[in-house]
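This is what each chain is made of:
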Amino acid sequence: MPEPAKKTASAFTKKPKTTEVVEGDTAVFEAETEKTGIKVKWQRAGAEMFESEKYIIKAEGNKHSLTINNIGREDDATYAVIAGSSKVKFDLKVKEPEKSEAVLPTEAVCTPIVSESPTPAETQPAECSKSSEVPAPEAQPELPLDPVGLFVTRPQDGEVTVGGNITFTCKVAGASMLKKPSVKWFKGKWMDLGSKVGKHLQLHDSYDRNNKVYIYEMHIIQAKMTYAGGYRCEVSTKDKFDSCNFSLIVNEAPATGDMDIRTAFRRTSLVGGGRRMPAACLSAEGHEDGAELDFSALLKKSKSEPKTESQPDVDVWDILRRAPPSEYEKIAFQYGITDLRGMLKRLKRIKKEEKKSTAFLQKLDPAYQVDKGQKIKLMVELANPDAEVKWLKNGQEIQVSGRYIFEAVGNKRILTINHCSLADDAAYQCVVDEEKSFTELFVKEPPILISHPLEDQVVMVGERVEFECEVSEEGAAVKWEKDGIELKREETFKYRFKKDGKKHYLIMNESTKEDSGHYTVKTNEKKLEVYQSIADLTVRARDQAVFKCEVSDENVKGIWLKNGKEVIPDERIKISHIGRIHKLTIDDVTPEDEADYSFVPEGFAYNLSAKLRFLEIKIDFVPRQEPPKIHLDFMGQAAPDTIVVVAGNKLRLDVPISGDPIPTVIWQKVNKNSCNVLSNADSMDSPDSSRDLSNESKLLSETEGRVRVEMHEDHCIFIIEGAEKPDEGVYRVTVKNPAGEDKADITVKVIDVPDPPEAPKIVDVGEDYCTVQWQPPKYDGGQPILGYILERKKKKSYRWMRLNFDLLKELSYEAKRMIEGVVYEMRLYAVNSIGMSRPSPASQPFMPIAPPSEPTHLTVEDISDSTVTLKWRPPERIGAGGLDGYNVEYCKEGSTEWVPALQGLTERTSALIKDLVTGDKLYFRVRAINLAGESEPALTKEPVTIQEILQRPKFWLPRYLRQTLVKKGKPRPKVTWTKDGQTLDAKEVGIRNSTTDTILFIRKAEHHHSGTYEVEVQIENMNDKVAITMQIMDKPGPPQNVKIIDVWGFNVALEWKPPQDDGNAQILGYTIQKADKKTMEWYTVFDHYRRTNCVVSDLIMGNEYYFRVFSENLCGLSETAATTKTPAYIQKTGTIYKPPSYKEHDFSEAPKFTHPLVSRSVISGYNATLSCAVRGSPKPKIFWYKNKVDLSGDAKYRMFSKQGVLTLEIRKPRPFDGGFYTCKAVNECGEAEIECRLDVRAPQ
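Numbers given for residues are sequential positions, taken from 1 along each chain in its written order. For this predicted model, a pLDDT threshold of at least 70 governs which residues receive local features, and a threshold of 80 or more governs which side-chain atom pairs are given and counted, while totals over whole chains, interfaces and linings are taken from all residues. Side-chain figures throughout are based on the complete set of non-hydrogen atoms in the structure, without hydrogens or water.

Before going further, it helps to spend a moment on the overall build of the protein chain. Along the backbone of the protein chain there are 7 helices and 96 strands. Each residue's exposure class comes from its accessible area (1.4 Å probe, protein chains only) as a fraction of the maximum for that residue type: buried when under 20%, exposed when over 50%, partly exposed otherwise. When each of the 1244 residues of the protein chain is scored for burial, the buried share is 38%. Any two residues whose heavy atoms approach within 4.5 Å are treated as being in contact. Partitioning the contacts of the protein chain with sequence separation of at least 6, the portion at a separation of at least 24 is 62%. When the accessible surface of the protein chain is summed, it comes to about 74500 Å², and 49% of that surface belongs to carbon and sulfur atoms. Helical segments are the DSSP runs of H or I of at least four residues, strand segments are the runs of E of at least two, and each set is numbered from the N terminus. For the accessible areas, the method is Shrake-Rupley and the probe is 1.4 Å, while residue cover comes only from the protein chains on display.

Here is the structure:
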C-alpha cells in the first residue's frame, strides 16, 4: 500500500475567489504565486483551458490572470488554477440581467429579495438584487442610516408568493467592535430559527472589509402559507443590544393546482403582533387529539370562482358562532366546508375559553419550548389552594416518577419535567374539577453541524487519498457525494468509509485521473423508517384501488411510479399526502390500470413496490335484492366476544356491512339485564318506546359527540373518544333494508387503573416496626389487582418514602427500620396491569415504641417474720417511652395466682412488702411498665420462706478503712468499743451504730488517741471481735542545731540533727533552702534530701547567705525551719570588703482586719462561706472559733488564706451549726479579733 500523501504548503500567495456576474459581462480572476517562473494552468470543469478570443490568459512575473469575455449561461461552472502541486478551486455564477435598469443606492434600506424559483442557488442578497419585484428607487424613498442602534440597515417587511424565495438582510457596524457580534433570528416571540435551518431556511453571514460592516442574511426557500407572520432580528455584543421587528406576507399562487390538505388544516397559535403562527413551525411533531383545525386557509380557496382583489373576506367563524345548530349543514354547503365536525369542535372550545375561569387565577401559557436534555417547569395558580390537581399528557394522567415532579407552593401547582426528550414533545393539560388548562411543549433538538470541514487535496496517480471531516454529534449519519452524485460502498469497492466517534473518513486506496472532482459531505440527514409498506391489490372492474404507505417523517415528499413512469393525477387518479401517510387512489379500475406501482420518497434510497391485479368478473345485470349482512368476521378473523379499551384511550371499530339496496344502520346501547330489549322497529311503532328506551337501551345518533357513529357506503365506524367507565356495556348494531335485517352485539369493556384503597390500619407496633393491614379497593379497574405499593412519611413531613420495590401480594406488611418515638403515617397504592391507582388516605398517626426490658439483679435484701425487702436495678433498655414505674407481685408456691404486693406502681428500685404470713413460701416478680406496656418479669429463682433467720455476727473491714466498720448479724447485734482494754471516753470519742455498720467519731484527733482499738459484736451467746491499730500522725518539728561547718571558694558545708518530734511518722527527708542577705528571698537547693549534712555549691562571690532546713514526713513539711544563726560570706580573692553598717527599718506591724466579717443567713444543706481580710507583719497566724470553740481540728470546716483574704467554708451546715463565729489573727506584735453571726434556716 502506498504511503499517504503529505500535505504541502500552498504555492499561491493570492487566490482567485468565487464571483457572481450578470450574463453578457466580463469576469477577471487573478492569482499570485510565491515564486516567479512557476508554470500555471487554468481548468474549467476539470478540463484544461487554452487562450482564445473568449478566454484571455496572462502571466507577468508571479502575477497570473484569467479573463472571460461575453459571459453566457454555459460559463456557470467550477474553475481551478494549478501551480505545481497546489490547486485552488473557485466558481463563476452567472445570473440573468434584470429588467429594471435602475440601481438601488448603496445607502438605501435593504429590501427583501423575492424569487419565484425554488432553487437555493438563485437566492440573491438584498443589497445586490435587481429583481423586478423590488420597487424602483423612485418609488421607494431613501431612508437614513440608524445612528443610535447597532444596525446600519434593518430588515424590512417582505411579500412573497407560495413556492417563491425571499431574503432578509441586516447590516451591523463593526468598526468599533473587537469581536464579532451575535445575531439571532426569531419567528414570533420565542421560536429561535437557528434550530430550523435546513431545506427551506438558510442563514448566512459575511464581513465587508472595505466598509467594515457585518452582513447577515436569512433565506426562505419555497415559501409556504404557514411562513407568514412576524419575525424579529436580535444583535448583541458584550455591552450592547439591539433588535428590530419585520413581517412576511405570503400570497397564494394564482393557479390552484394540487392543494396540500395539511396546509389548510394546520393548527395555528397566536404570536407577537396579533399574527397567527402555524404549529408546524413550532414543532416537528403534531398530536391528533390535541390539534386545533384552522379552515380559514381552506375557505379562501374556491374552485368555482377565482379570487379577485375586490372580493370581500367572509368570516365563516362569526357566521357559525351566530347561526343556530339547524343551519350548520346549510352554511357548510354554501361556503364549501369539508369538515364541519372539526370546525364545530373548535368553535365549542373557543366558546368555552370565553368564559372566565373560576378554578384558575393564572393558566398555562399556550406553548413552551425547551432544549433537549434540559429541565422545564409548567405552573398554574389556583383560586382554591386545597383543590385537587391532575396533570395529563396527551390525555393520559402523569404519575409521579424521577422525571416528573409535582410541587405545591401555596396556591401554585408546578409540574417539573427533568431531562426533556423528544418523547416529552406533547400536549399537556392541568385539570381542576371540571376546568382544564391546555398547553403544548416543544422540545428543540439541536441540528448536527460539521465542525471540521473537508480540505482540498492534490495527489499523484496511484496514491492513497483520505478525506476527513468532524461533526458535532457522535453517531450522526453522513453522506458522501462526488460532483453531486452519492458515493456508495457497492461501487467497485473503490471507496471505503470509516467512522471514529465524531470523525468520518472517505478513503481511496489508489487514485486515478477519473477521481478528480468536487467531493461533498452532508449531514443532518434523518434516517427514514417505513411504518407501513404498500401491499399487492386484486380489484374488480369499476372498484376502487388504494395504495397506502406510512413513513416516519411527515415532511418527506415522494412520487408514485407506474411501471417506472411517474403517475400524473387526474379526475380518476388522486394522490394525497396527509402527515406521514401517502395514498394513491384509483377510482373505477380498468384493465389498463394493472401494473407495478412504486412509491419513491424524495431524497431517500427507498422504493416501496406493489402489484395491482385486475379481476375480470362477469356481471349479472339481473336486478335483485340482497339482504343486509354484518361482517364481523372480516379478513378471516373471528369476531371478538369482548373489545377491551383502556380508559382515556380512543376506541374505533370498523364494521363492514353489505346489502342491496344500501341498508340503514342503527346503533344502540342495550341493557342485557332487561328481559325485553326494544328493537328498532318497536321503537318506531310504539308511542311509549322512547320512554322505555331510556331505561333499557340508548339509541346512538350520527351527530357529533364523544360517542358517535360515522356512516359509509360499505361500512360504519363506531368511535368512543376518551373511553370512560359508563361507556362499558353491550352495543347492538342493526342493519335494515327492504330485503331484511341483521343484528350483532358487540361487548365493550373499559378497563382503568383501580380506585384508591381505603386508609390502611396499623394493627401492631414495636420498637422499630409496625404491622399494616388493608382491604382491596372497591373497584379493581376491570383487571385483577397485581399487588400494592406502600409508602410512609413522618407526620410533619411532606416527603413520602416508598417501602417496597416489588409489588406486595398480601393484604398485610411488616414495615421495619423505623425510629422509635417518631410519629409516622402510612398510605398505599393499588396496581393492576393498566397502572397505579391514586394514593389511599393516610392512616391514623402512630409511634413505634416498645416496652422496656425486664428489671435486673432482683434480690431479697431482708426477711423478717412478716416482711420481705426486695431490691433490683433498672432495665437495661428503657426506650423512648420512658419508665412509668414498677409492678411488684408475689405468688404462693404451688399456686398460679399472682397477688399485687403494692398498691399501684412504685418508682423506686426497692420495696418493703408487709403483712405476710410467717412460714409461707412465696415467689416474687417485678415488671417495668411504660406507655407501650409491661416488660417481661424479673422472677426470684427459688421460693422465699417468710421467717427471720438467725445469722452469726461477722465483720467486714472496708477496703479503705477510715472510721467505718461493716458488720452483719441477725437480729441486731450489740456493739462494744474498747482501747487497750479500757472503755472509751464518750467526751472525746463518738460512736454511732446501725443495723449494718458501726462508726467511731474522733472530732479532734491527738497523738494520745493512737493505739489499738477493739470492737466486739454479740448476739445472744455468739460474738465476733476485730482489732484496729490507729496511728495519729502530724507534721514533724524542725531539725536541730543547723550550723555552717566550712566555707571555701563558692561552697558552704552544712550539718544538722534530726527533729526532736517526728510527727509520729518516719522522717522521709529534708528540704534545704538558701537566701541572699540583701534580699532574703529563699530558694530551694535540695528537696527530699535524706542525709543530715550537705554541701551547697555555685554561690556568688561577695554575697552573704543564710541557710534553713525543713524536715518532711507523710503529712508534709514541718511548719517551721531551723535557720543558721550567722551568714556565710563568700569572699572575693585578694580583696576584703567591709560593708557599712545600716540601721535596719522595722516593718513589723500588729494584725489589723481591713475587711470585717458580715453576719449571714443561709439555707440548710448548702455550703456556706465566711470571708474577711487582714494585714500584719510578720504574717499573722489565723484561728477560727465557733461560740469560743476552736475549729482547727474539725473536718466539717475548711480554712483558706490567700493574699490576706481569709475564708471559712462550712460544709452543708445544719441548724445546729448556727451561732457566733470569730476569726483571730496573732503575730509577735499583737493580735486582733473579729466576730459575726451565722443563722442556718431550714429549706421551705
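From this point, the narrative continues.
A few words on the sheet that holds strand E66 (residues 910-913). Pairs of strands are assigned from DSSP output, requiring at least two bridges between the strands. As summarised here, the arrangement of the 3 strands in space is E62-E63-E66, forming an open sheet in which the pairing is antiparallel. Sheet topology places strand E62 (856-863) and E66 at the edges, where each strand pairs with a single neighbour. Each adjacent strand pair in this sheet contributes to an overall mean axis angle of 20°, direction not counted. One ladder, built from 5 bridges, connects E62 with strand E63 (residues 868-873); its direction is antiparallel. Residue pairing for E63: Thr859 is matched across the bridge by Lys871. Simply put, an axis is a line fit to the C-alpha atoms, just over the touching stretch for a helix, and the angle between two N-to-C directions goes from 0 to 180 degrees.

Counted as salt bridges are all cases of a side-chain nitrogen of Lys or Arg within 4 Å of a carboxyl oxygen of Asp or Glu. Under the criterion given, the structure shown has 41 salt bridges. Between Asp587 and Lys574 there is a salt bridge, with the nearest N and O atoms lying 3.5 Å from each other. Note that Asp587 is positioned in the loop between strand E44 (581-586) and strand E45 (595-601) and Lys574 in strand E43 (residues 573-578), a separation of 13 residues in sequence. With a shortest N-O distance of 3.6 Å, Lys1224 and Glu1231 are connected by a salt bridge. In this structure Lys1224 comes out as buried when scored by relative accessible area, which is 17%.

Turning next to the pairing of strand E84 (residues 1104-1113). With 8 of 10 residues buried, E84 lies mostly within the body of the structure. Two strands pair when backbone bridges link them, and strand E81 (residues 1069-1076) and E84 are joined in this way by 8 bridges, in the antiparallel orientation. Across the sheet, residue Tyr1070 finds its bridge partner in E84, namely Ser1111. Here E84 runs beside strand E87 (residues 1128-1129); their pairing, made up of 2 bridges, is antiparallel. Its bridge partner being in E87, Tyr1105 is matched across the sheet by Ala1128. Pairing analysis gives 2 bridges linking E84 to strand E86 (residues 1122-1123), with the strands arranged antiparallel. Within E86, the residue paired with Arg1108 across the bridge is Thr1123. For E84 and strand E85 (residues 1116-1117), the ladder comprises 2 bridges, and the chain directions are antiparallel. The partner of Glu1112 across the bridge, within E85, is Leu1117. Hairpin connection from E84 to E85: 2 residues lie between these consecutive antiparallel strands.

In summary, soluble globular proteins display a tendency toward joint burial of nonpolar side chains. What is meant by a nonpolar core is a set of buried Ala, Val, Leu, Ile, Met, Phe, Trp, Tyr and Cys residues, joined one to another through side-chain atoms within 4.5 Å. Counting residues in hydrophobic clusters, the biggest one holds 26 residues, and the most contacted among them are Trp185, Met218, Ile220 and Leu248. Ignoring sequence-local partners within four residues, the contact set of Ile220 consists of Gly164, Asn165, Ile166, Phe168, His200, Leu201, Tyr227, Tyr231 and Leu248. Formed by 23 residues, the second largest nonpolar core is a distinct cluster that contains Ile630, Leu632, Val665 and Ala723.

Another point: the layout of surface pockets. Both site types are read off a 1 Å grid over the protein atoms alone. A 1.4 Å probe that fits but cannot get out defines a cavity, while an open set with protein on both sides within 12 Å along at least five of seven lines defines a pocket; lining residues have an atom within 4 Å of a point. Grid points are joined across faces, edges and corners, and a volume is the space filled by probe spheres set on the points. Computed from the structure, the second largest pocket encloses a volume of approximately 1400 Å³. As for the second largest pocket, its lining consists of 34 residues, and the residues nearest its centre are Val400, Phe406, Arg827, Tyr829 and Pro839. Mapped onto the lining of the second largest pocket, the elements with two or more residues apiece are strand E25 (389-393), strand E27 (404-409), strand E28 (412-417), strand E58 (787-794), strand E59 (801-802) and strand E61 (824-831). The element best represented in the lining of the second largest pocket is E27, accounting for 4 residues.

The strands making up a sheet associate through backbone hydrogen bonding, with each pair oriented either parallel or antiparallel. In space, the 5 strands of this open sheet follow the order E89-E96-E95-E91-E92, with mixed pairing throughout. Of all strands in the sheet, those bounded by a partner on one side alone are strand E89 (1160-1163) and strand E92 (1189-1190). Where E89 lies against strand E96 (residues 1230-1241), 4 bridges are found, and the strand directions are parallel. Counterpart to Val1162 in the pairing with E96 is Val1240.

Ring pairs shown here join Phe, Tyr and Trp side chains whose ring centres sit within 6.5 Å, with only the six-membered ring taken for Trp; geometry is labelled stacked below 30 degrees between planes, edge-to-face above 60, and tilted in between. Per the counting criterion, the structure on display carries 22 aromatic pairs. A centroid spacing of 4.8 Å and a plane angle of 50° characterise the contact between Phe718 and Tyr731, whose relative ring orientation is tilted. On the criterion of sequence distance, the pair formed by Phe718 in strand E53 (residues 715-720) and Tyr731 in strand E54 (residues 729-737) is long-range, its members being 13 residues apart. Overall, Phe718 belongs to the buried group, its relative accessible area being 1%. Here Trp872 and Tyr886 contribute two aromatic rings whose centre-to-centre distance is 5.5 Å and whose plane-to-plane angle is 65°, an arrangement assigned as edge-to-face. Taken together, the residues span a long stretch of sequence, with Trp872 in strand E63 and Tyr886 in strand E64 (residues 885-892) at a distance of 14 residues. Every member of this aromatic cluster is reached through a ring pair, and the members are Phe29, Trp42, Tyr79 and Phe90. Remark: a charge is flagged as sitting over a ring if the NZ atom of Lys or the CZ atom of Arg is within 6 Å of the ring centre and within 35 degrees of the ring normal. Here Arg1108 stacks its cationic end above the ring of Trp1082, 4.3 Å away from the centre of that ring.

Relative to the assigned elements, Glu486 resides in strand E34 (residues 485-486). Look at Glu486 and you get partly exposed, because its relative accessible area is 34%. The sequence separation of Glu486 and Thr520 amounts to 34 residues, and the corresponding C-alpha distance is 9.0 Å.

A patch consists of residues whose relative accessible area exceeds 30% and which take part in no salt bridge; residues with like charges are grouped when within 9 Å of each other, and nonpolar side chains (Val, Leu, Ile, Met, Phe, Trp, Tyr) when within 5 Å. Two residue types count as positive, namely Lys and Arg, and two as negative, namely Asp and Glu; His and chain ends fall outside the count. All charge positions are set by atom: Lys at NZ, Arg at CZ, Asp at CG, Glu at CD. A cluster of like negative charges, contributed by Asp985, Glu988, Glu1006, Asp1034, Asp1061, Asp1062 and Glu1119, occupies part of the molecular surface. Among the structural elements, Asp1034 can be located in the loop between strand E78 (1022-1030) and strand E79 (1040-1048).

Looking at the element boundaries, Glu1006 is found in the loop between strand E76 (997-1002) and strand E77 (1011-1019). Taking C-alpha positions, Glu1006 is 9.3 Å from Gly1193, a pair spaced 187 residues apart along the chain.

In this structure, Pro661 follows Asp660 across a cis peptide bond, with omega equal to 0°. One non-glycine residue, Asp1098, lies in the positive phi region at around 60°. Along the chain, Asp1098 turns up in the loop between strand E83 (1093-1096) and E84.

Another point: the pairing of strand E6 (residues 55-60). As paired elements, E6 and strand E7 (residues 63-68) share 6 bridges and run antiparallel to each other. Bridging across to E7, Ile57 finds its partner in Leu66. In this structure, the hairpin formed by E6 and E7 is closed by a connection of 2 residues, where Gly61 is found at a positive phi of approximately 65°.

In this section: the side chain of Ser658. Turning to its location among the elements, Ser658 is positioned in strand E49 (residues 651-660). Here the side chain of Ser658 touches His631 through a polar contact of 2.6 Å, side chain to side chain. Once residues lying within four places of it in the same chain are set aside, the contact partners of Ser658 are Glu626, Pro627, Pro628, Lys629, His631 and Pro663. Under the rule applied, a polar contact is a pair of N or O atoms within 3.5 Å (in protein, one hydrogen donor and one hydrogen acceptor; residues adjacent in sequence only if both atoms are side-chain atoms).

Turning our attention to the confidence of the model for the protein chain. Per-residue confidence from the predictor is reported as pLDDT, which spans 0 to 100. For the protein chain, per-residue confidence averages 79 on the pLDDT scale, and 81% of positions sit at 70 or higher. Note on residues 1-8: pLDDT under 50 across the span, and 12 contacts to partners over four residues away in sequence or across chains.

Bringing the side chain of Ser837 into the picture now. In this fold, Ser837 is placed in the loop between E61 and E62. Residue Ser837 is classed as buried on the basis of its relative accessible area, which comes to 1%. Not counting residues within four places of it along the chain, the set of residues in contact with Ser837 comprises Val753, Pro754, Asp755, Pro756, Pro757, Tyr829 and Ala830.

The next point concerns the environment of Glu397. You can see Glu397 is positioned in strand E26 (residues 396-397). For Glu397 and Gly648, which are 251 residues apart along the polypeptide, the C-alpha to C-alpha distance reads 9.0 Å. Those residues in contact with Glu397 that lie beyond four places of it in its chain are Lys390, Trp391 and Leu392.

Cysteine sulfur atoms are paired as a disulfide whenever they come within 2.5 Å of each other. Under the counting rule described, the total for this entry stands at 0 disulfides. No disulfide involves Cys1236; its nearest neighbouring cysteine sulfur is the one of Cys1172, lying 8.5 Å away.

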